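# Secondary and tertiary structure notes
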Amino acid sequence: MSITAATKVYGVIGDPVTHSLSPVMHNGWIADHRIDAVYVALPLRSDDAVVAIRALNGFAGLNVTVPHKEAAAKAAARSEAAVANVLRREDDGRFSAFNTDGQGFLDSLTESAPSWRSHVRRALIVGAGGAALGIGAALSPFVDTVHFANRTADRGEQTAASIPNGRTTRWDDLERAFGHADLIVQTTTLGMAGQPEMAWPVSFCRPNAIVADIVYRPLNTPLLTAARDRGLKAIDGLGMLIHQGARAFEIWFEIKPDVAKARQRLLAALG
Ligand code: ATR
């Protein structure tokens with residue numbers, strides 16, 4: 001579809017966003033459904049991100065990534081969470097804010113391990129940043145306890161305290177933590193290309209443990225490779241990316257997009 005003055009503009013804001021896969025994913029779906037829209041990656045650097053985001057009123061919808069998720073929630077006239085990854089412009093010109101990260105993770109988990117709810121009682125989240133909190137909060141109602149293991153103990157305690165059944169686990173005792181968990185979710189940058197290697201204690205895992213990594217560059221992180229070598233269910237980071245995006249697409253266009261097609265396109269884009 002050709003771009004005209006009537007074409008609606010969507011995009012992802014963050015800093016940095018030049019390597020974002022969201023344009024490939026959303027433009028693919030926009031083409032699938034012949035929508036008169038375009039999706040761009042817009043780097044946003046500002047001393048006052050709330051004001052900067054409010055000024056983006058030419059955008060019909062936005063995804064928001066690091067470091068602007070809190071500012072996005074504040075910039076909106078209404079927000080379903082204190083931290084937002086989706087903005088939708090309403091008829092009154094103001095933004096509504098949503099968070100699809102946690103639900104996107106649950107969708108990905110259910111897609112890859114449909115019966116997870118029948119056996120996951122104890123979840124272990126490695127890390128305690130924004131992603132860890134979003135995933136922990138989403139898992140919380142479905143499990144007995146959500147344990148956070150974080151390099152910086154204070155931050156782990158803060159994150160755990162914001163979830164009713166949140167607990168902390170010592171970073172120097174990951175072996176025990178891995179051994180007790182039914183589900184392990186790695187949310188730090190460890191395992192990303194260029195980051196330090198970590199010797200994950202996967203040999204301590206239970207035989208039916210599920211291991212998920214939210215890193216998707218590389219897709220097969222050392223943690224996932226070790227989990228697969230042990231015969232464990234391993235879930236890569238593209239799943240969460242695609243499912244949070246699918247929910248955003250639905251918020252904007254009221255259409256459920258094809259997640260399998262998105263995976264093919266993103267695999268091609270990742271090379
Ligand atoms: P996000 O919002 O994407 O989760 P973040 O808030 O910057 O990102 O959180 C990054 C997480 O990765 C934190 O849990 C961080 O641990 P600290 O709180 O100790 O900083 C973790 N992390 C980053 N680099 C790490 C490393 N080299 N070793 C262990 N943990 C690391």
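With an unreviewed UniProt entry as reference, the protein chain is termed Shikimate dehydrogenase (NADP(+)), source organism Candidatus Viadribacter manganicus. Quoted verbatim from the Subunit (unreviewed entry) heading of the UniProt record, the comment on the protein chain is "Homodimer."

### Side note on the UniProt feature "domain: Shikimate dehydrogenase substrate binding N-terminal" (unreviewed entry) in the protein chain
Under the present numbering, the feature "domain: Shikimate dehydrogenase substrate binding N-terminal" (unreviewed entry) in UniProt falls on residues 12-80. In residues 12-80, the share of helix is 35% and the share of strand is 26%. The end C-alpha atoms are 19 Å apart.

### Overview of the sheet that holds strand β12 (residues 233-235)
The six strands are arranged β9-β8-β7-β10-β11-β12 in an open sheet whose pairing can be described as parallel. Each edge of the open sheet is held by one strand with a lone partner, namely β9 (166-169) and β12. When the angles between neighbouring strand axes are averaged without regard to direction, this sheet yields 20°. For strand β7 (residues 122-126) and strand β10 (residues 183-186), the ladder comprises four bridges, and the chain directions are parallel. Counterpart to Ile125 in the pairing with β10 is Val185. The strands touched by helix α7 (residues 153-161) are β8 (145-149) and β9; relative to β9, the strand with the most contacts, the crossing angle is about 160°. Lying on the sheet, helix α9 (residues 222-229) is in contact with β10, β11 (210-213) and β12; it crosses β11 at an angle near 160°.

### Brief notes about helix α10 (residues 238-253)
In this model α10 runs 22 Å from its N-terminal to its C-terminal C-alpha over 16 residues, within 8% of the 22 Å that 1.5 Å per residue would give. The buried fraction of α10 is high, at 14 of 16 residues. Among the residues trailing α10, Glu254 stands out with phi positive, at a value near 55°.

What counts, and where the lines are drawn
- Residues numbered from 1 in each chain as written.
- Predicted model: local features only at pLDDT ≥ 70, side-chain atom pairs only at ≥ 80, totals over all residues.
- Heavy atoms only, no water.
- UniProt positions renumbered as here; feature names shortened; annotations may be inferred.
- Helix = DSSP H or I, 4+ residues; strand = E, 2+ residues; numbered from the N terminus.
- Pairing = 2+ DSSP bridges.
- Axes fitted to C-alpha atoms, helices over the stretch in contact; angles between N-to-C directions.
- Contact = heavy atoms within 4.5 Å.
- Expected span 1.5 Å × (residues − 1).
- Buried < 20%, exposed > 50% of the residue type's maximum accessible area, 1.4 Å probe, protein only.

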